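# Examining the three-dimensional arrangement
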Amino acid sequence: MQSVRGFILGGLFLWGAIAPVGSASAAEIAILTADNWNAWVPAGKEVDAIYGDIVIRNDKLVAVIAQPLVTRNANMTVKNVGGCLLDFTTREGQNDQLGAWYPLGKAANWRTVTTTPAVSEQSPTAKAERIVVRVGAVIQEGKLTAETTYELADGDGRLAVTTTFKNSTDKPIDYDAADEIRADGTVYTKGTAGALAWNYDRWWNAAYGVIIDQPEGNKPSATSRKLSIPAGGTAAIARHVYVASDLNQLLQVAGAANEPGAKPAVITVTDEAGKPLAGAYVELKQDDKVIAAGKTGSDGMFIASLTAPAKASVSSPHHGERTLEVTAGGQHAVKLPTAGTVVASVTNQAGGPIPCKVQFRGAGDTKNPNFFDKSGEHAVGNLYYSHTGAFRLELPPGKYDCTVSYGPEYDIVEQQLEVLAGSETRLSAKLIRTVDTRGWVSGDFHNHASPSGDNISSQYGRVLNLLCEHVEYAPCTEHNRISTYVPHLKRLGVEHLMGTCTGIELTSSPLPLGHMNSFPLHMHDHTQDNGAPLPDADPQAQIERLALWDNRSEKLVQQNHPDLGWLLFDKNGDGKPDEGYQRVLAHMDVVEVHPPQNIFKPALIDGKDGQKNNTIFNWLQLLNQGARVPGVVNTDAHYNIHGSGWLRNWIECPTDDPAKIEVLDIVHAAEHGHIVMSNGPFLEVNLQAAQPGPRSQGTAGDDIDAPTGKATLSVRVQCANWLDVDRVQVFINGAPQPELNFTRKSHPDMFGSKVVKFEQKIPLALKSDAHVIVATIGEQSKLGHVMGPEHAKTPPVAVSNPIYVDVDGQGFKPNQDTLGAPLPVKSPGSKK
């Protein structure tokens, strides 16, 4: 969408809009079906329409009203949207960023619908001079009802919404007719009667506004719009809902900028060479209150209507920033530094294309750039995700320390660049895969984006993040909605570089218990939650429902970030042992135990809310009780700045080619514990019994027969050039063995300084059945800046899943040891 532009004609200041393309002669209405979906559903990151919803549109606007059903939710956190304005954008440059607009707030349950002209499943589309959609609700049973109408005619630049109340009693009823908007990621302000209330997201270029008419005899305000509905009578409240690409345009289309005595303040933004800068962000404040904001047009101009001076900030991710004072009627010229251009050519060892993450950190007096907020796509924060390794990117002049990476199997390349104004600076790098992971692929089973409802990150950006961190397999696991990454991979042309499948995180409360991932699941496109199962307050019922979904289809079921004490030994969370939710174990294929470095810590660890159960320690206790549930680590990423990639699982796989990965191979490997958990180092473990036999050797997750108790444990650790380890610890039945603790200080000859940091054959003499786990850590090392400031101080670490060794020939038996601590109950630091 192009910004509304102000212009001067014959000394008269006018506001005008560029005419939309594709104007129609009438407004239109449709019920969304499989047949008309592509022609009618609007575009945008926050579109939540499904079949059965109602679309109304004209030459300027398109709006989706959710079908008024009790089960209609937009996503996990935007609920009960039936009858509400769900998606809203301009017809040209469609860009829906609305969660939902609730007439009368979430308290109103709209359950009936009629349309003029009438549409139905048999005749789902129609045209008319004016489209009207009516939804009805019972507000107070037997007393008060309400009907909301959405009206749109051809040429309308606003959506008219009127709610009429009917009082069926013989006494007046006072009702607070407060609406509610959900538009995450926005700056907002409340409006009074007749004034504009607005929400604006500068990064995603969307602004929403509402003006409430002044009802006769009533005085609504920003916080209360109480209406007095007379006995046996009616009362109405009317609003106009607006959408634009930025706040400045919204003020114009809503007529909110035309205050008496207002004059245009013109700001022209150029670089130092005089080139107009399009897309520079301009924000005007008076007394710290935002009064106008938006982006400059192709001519570098931004025009606001002012009655008094204002403080302006002008910024561009590529050109720097400046502040100034602007006046009503003034002409203001702003010069920002002329950008330089980084021309990147990153290749693989053979000189071909390769995905990569390039991090730009300001050196000396140069600031870190901020290309986009944490919800972005290719350019996000101070990162650039390139799916091919070739890109051009403007930066403010200065010196930058650049880090080029592609996950922990590749060496990083670091360079310092000096970006000069108006010049091109070459960034050339060759990424070498130094870590040999043949037979294993990297995977992350837990990630999120905007469809989850608890964040606004682009799902396309999530795929870029995963791809450029060299995650080779990642199911799509949005909260309470089956979804897919396939369209994004196809858009990028990189289906061959990352395996994926449909999946879900089925989510209820409390947080440490009611979150479970599963994949693959069958996706029913454009239906409620794409056909997902419903969550349940009982974790046992929820995990059973998930495991049995799709006619008991084969799938992986993962328990996410649990407080294992609360889950399994303290059902009511009172800190005293009870039966817990023990039935979850029957369906729990894997369990998240991150962070992996906590394997070296005690049963309780300090957190910001008090002491919490150490999940990986509790997992070791459970293994000793006979619960053979493999451990996994995942990022649970919600944002796209270093979100995915800093934790991963290496999964044994019959192919090293992501394009050939079969989802059930991933499922089966995970179920059997053929997984090594890591935040970077690649750890291989293999156990060979002294006495040959059909089960005399194996790796993580395997069962081994060692009748004499003697065996050899082979351990190999590899690290790319930005990681290191200095300790390898063997755990027998969950207990770290002092004699099997090897450090670079105590055993310097065992550790190397190149890619292979540790490669040893360690003799074991087991007296009874035991499970064997190996952990490695860089106690004197950190992940550093490669994985961003949030994880920079985290030590590199990898932990294998257990190898189960049967010594007595009677089958493996757990030893029941609780490792010096009682079996856990709900930790004091876990909140409901």
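Check the entry above for the structure.
Residues numbered from 1 in each chain as written. Predicted model: local features only at pLDDT ≥ 70, side-chain atom pairs only at ≥ 80, totals over all residues. Heavy atoms only, no water.

## Re the sheet that holds strand 27 (residues 340-347)
We apply this condition: When DSSP locates at least two bridges between a pair of strands, those strands are taken to pair. Secondary structure follows DSSP: runs of H or I at least 4 residues long count as helices, runs of E at least 2 residues long count as strands, and numbering of each begins at the N terminus. Interaxial angles span 0 to 180 degrees and are taken between N-to-C directions of axes, which are lines fitted to C-alpha atoms, for helices over the stretch in contact.
Strand order in the open sheet formed by three strands is 31-27-34, and the pairing between neighbours is mixed. Strands at the two margins of the open sheet, each flanked by one partner only, are strand 31 (390-395) and strand 34 (424-430). Across the sheet, the mean angle from the axis of one strand to that of its neighbour is 20 degrees, orientation sign disregarded. Examined bridge by bridge, strand 27 and strand 31 share six bridges and lie antiparallel to one another. Directly across from Gly340, in strand 31, lies its bridge partner Leu395.

## Thoughts on the side chain of Glu478
Under the convention used in this document: Categorising residues by exposure relies on relative accessible area from a 1.4 Å probe, with only protein chains included: less than 20% of the type maximum marks a residue as buried, more than 50% marks it as exposed, and the intermediate range marks it as partly exposed. All tallies of charge rest on Lys and Arg as positive and Asp and Glu as negative; His and the ends of each chain are not included. Any carboxyl oxygen of Asp or Glu within 4 Å of a side-chain nitrogen of Lys or Arg constitutes a salt bridge here. We define a polar contact as two N or O atoms separated by no more than 3.5 Å, with the added condition that, inside protein, one atom must be a possible hydrogen donor and the other a possible acceptor, whereas residues neighbouring each other in sequence contribute only through side-chain atom pairs. Residue contacts are counted whenever heavy atoms from the two residues lie within 4.5 Å of one another.
Here Glu478 shows up in the loop between helix 3 (459-468) and helix 4 (486-492). In this structure, Glu478 is buried with no salt-bridge partner, the nearest side chain bearing the opposite charge being Arg462 at 6.6 Å. Here Gln459 takes part through its side chain, which lies 2.8 Å from a polar atom of the side chain of Glu478. Apart from residues no more than four positions distant in its own chain, Glu478 is found in contact with Asn447, His448, Ala449, Pro451, Ser452, Gln459, Ser483, Ile504 and Glu505.

## So, the environment of Ala821
Along the polypeptide, Ala821 turns up in the segment after strand 54 (803-806). Each C-alpha atom, one on Ala821 and one on Gly461, is 43 Å from the other, the two residues being 360 residues apart in sequence. Sequence-distant contacts of Ala821, defined by excluding residues within four places in its chain, comprise Ala603, Phe617 and Gln621.

## Remarks on the sheet that holds strand 38 (residues 556-559)
Spatial ordering of the open sheet is given by 36-37-38-39-42, a layout of five strands whose pairing is mixed. The open sheet terminates on both sides in strands that have one partner only, identified here as strand 36 (504-507) and strand 42 (631-632).

## Describing the pattern of salt bridges
By the definition in use, this model includes 27 salt bridges. The residue Arg130 makes a salt bridge to Glu151 at a minimum N-O spacing of 3.7 Å. Separated by 21 residues along the polypeptide, Arg130 in strand 10 (residues 130-140) and Glu151 in strand 11 (residues 144-153) bring together distant segments of the chain. You can call Glu151 partly exposed: its relative accessible area is 24%.

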